[in-house]
Amino acid sequence: MVQSCDPSTNGSSATPGFCDLSEYLGNEPGGGQAYDPTTGSNGANRTEYAGNLIPIGQISTQAAAILAKFPAPTNSAVANNYIASGTGNFTQNSFDTRIDFNAAPTVQVFGRFSLDYFNVSGQGSYGELQGVGFGPGGLSGSSITHNYSLAAGVTKTISPTLLADFRFGYFKYNPVASKPDVGATPMSDVGIPNGWTTCAAAPVIFPVVICVYILVWARRRK
């Protein structure tokens, strides 16, 4: 299909002059019929391409360039005809530390600090086009995340039936993500004007979460 739909290789395909999508007829949901987008009105009453053969002159150079970048099928099926495999890195380094202190017979204080470092990465399953990646969760690219978590609290026993509790919590989610093709110009490479350059690593901004609460517990005497 790619050979016949690429103007530069169409002449040596089995259907010179046409992009051949005939294999999709009857093999895809909805019938797989292709329609001429220049006909009809608002998407209705469009003309079918006979035999799903699209005149090669209607295939833009940009579309042909993108099609040419798709990897070849790994089997002869019409659907689900590409299988890829790979690996993705997942590294975690973390620690937790906590201190408890009895400041007085009726006052207990604690503090906790946690730090998590995550480094995940993976390449895309469609080669140069990337697509779903082999990294954790389908990641294509890389992500370095530093999470900071802090908690502190004071408990004061006021009387045998009255207790006061103070808690403070702080959490910061701090990921820095990069696309797999940093510095590349994918749109310009396929002839799309005014395209962008893939940016380098950039932090993803998330708000810091701070929680403070005070509780007073009272127990009724029997």
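Above: the structure in question.
Only a predicted model underlies this, so the values are computations on that prediction, with no experimental measurement involved.

Helices and strands together make up the secondary structure of the chain, namely three helices and eight strands. Going from N to C terminus, the chain has its helices and strands arranged as α-β-β-α-β-β-β-β-α-β-β. Each of the 222 residues in the chain was classed as buried or not, and the buried ones make up 21%. Across the chain, every contact between residues at least 6 apart in sequence was considered, and the portion connecting residues at least 24 apart equals 54%.

What follows deals with the packing of aromatic side chains. Summed over all chains, the structure comprises four aromatic pairs. Between Phe95 and Phe113 the ring centres are 6.0 Å apart and the planes differ by 50°, which places this aromatic pair in the tilted class. Placement of Phe95 in strand S3 (residues 88-104) and of Phe113 in strand S4 (residues 107-122) is noted, with a sequence separation of 18 residues between them. For Phe95, a relative accessible area of 39% translates into the label partly exposed. By way of ring pairs, the aromatic residues Phe70, Tyr82 and Tyr126 are connected into one cluster.

This part is about the environment of Ala177. Mapping Ala177 onto the fold places it in strand S6 (residues 162-178). Linking Ala177 and Val120, residues 57 residues apart in sequence, is a C-alpha distance of 9.5 Å.

Another aspect to go through is the nonpolar core. Counting residues in each nonpolar core, the largest one holds nine residues, listed as Cys5, Cys19, Leu21, Ala34, Tyr49, Ile54, Ile56, Ile59 and Ala64. With residues up to four places along the chain from it excluded, the contact list for Cys5 reads Cys19, Asp20, Leu21, Ile56, Ile59, Ala64 and Leu67.

Under the defined criterion, the tally for this structure stands at one disulfide. Here Cys5 connects covalently by a disulfide to Cys19, the sulfurs 1.8 Å from one another. Given an S-S torsion of about 65°, the disulfide between Cys5 and Cys19 has right-handed geometry. Here Cys19 lies in strand S1 (residues 18-20) and Cys5 lies in helix H1 (residues 2-5), a separation of 14 residues in the sequence. A relative accessible area of 3% places Cys19 in the buried class.

Turning to a nonpolar patch on the surface, a few remarks are in order. On the surface, Val154, Phe166, Ile210, Val212, Ile214 and Val216 cluster together to form a nonpolar patch covering roughly 540 Å² of accessible area. Looking at the nonpolar patch, the element that brings in the most residues is strand S8 (residues 209-218), giving four residues. For Phe166, the location among the structural elements is in strand S6.

A word on the environment of Arg167. Tracing the chain through its elements places Arg167 in strand S6. Between the C-alpha atom of Arg167 and that of Gly153, which follows or precedes it by 14 residues, the distance is 4.4 Å.

Scanning the model with the defined rule gives three salt bridges in all. Of the charged contacts in the structure, one is a salt bridge between Glu128 and Lys69, with a shortest N-O distance of 2.8 Å. Linking Glu128 in the loop between S4 and strand S5 (141-159) with Lys69 in helix H2 (residues 61-69), this pair joins segments that are 59 residues apart in sequence. We note a salt bridge from Arg98 to Asp100, for which the minimum N-O separation is 2.9 Å.

What counts and what doesn't
- Residues numbered from 1 in each chain as written.
- Predicted model: local features only at pLDDT ≥ 70, side-chain atom pairs only at ≥ 80, totals over all residues.
- Heavy atoms only, no water.
- Helix = DSSP H or I, 4+ residues; strand = E, 2+ residues; numbered from the N terminus.
- Buried < 20%, exposed > 50% of the residue type's maximum accessible area, 1.4 Å probe, protein only.
- Contact = heavy atoms within 4.5 Å.
- Phe/Tyr/Trp six-rings, centres within 6.5 Å; stacked < 30°, edge-to-face > 60°.
- Core = buried A, V, L, I, M, F, W, Y, C linked by side-chain atoms within 4.5 Å.
- Disulfide = S-S within 2.5 Å.
- Patch = residues over 30% accessible without salt bridge, like charges linked within 9 Å, V, L, I, M, F, W, Y side chains within 5 Å.
- Areas by Shrake-Rupley, 256 points an atom, 1.4 Å probe, with all protein chains shown as cover.
- Salt bridge = Lys/Arg side-chain N within 4 Å of Asp/Glu carboxyl O.

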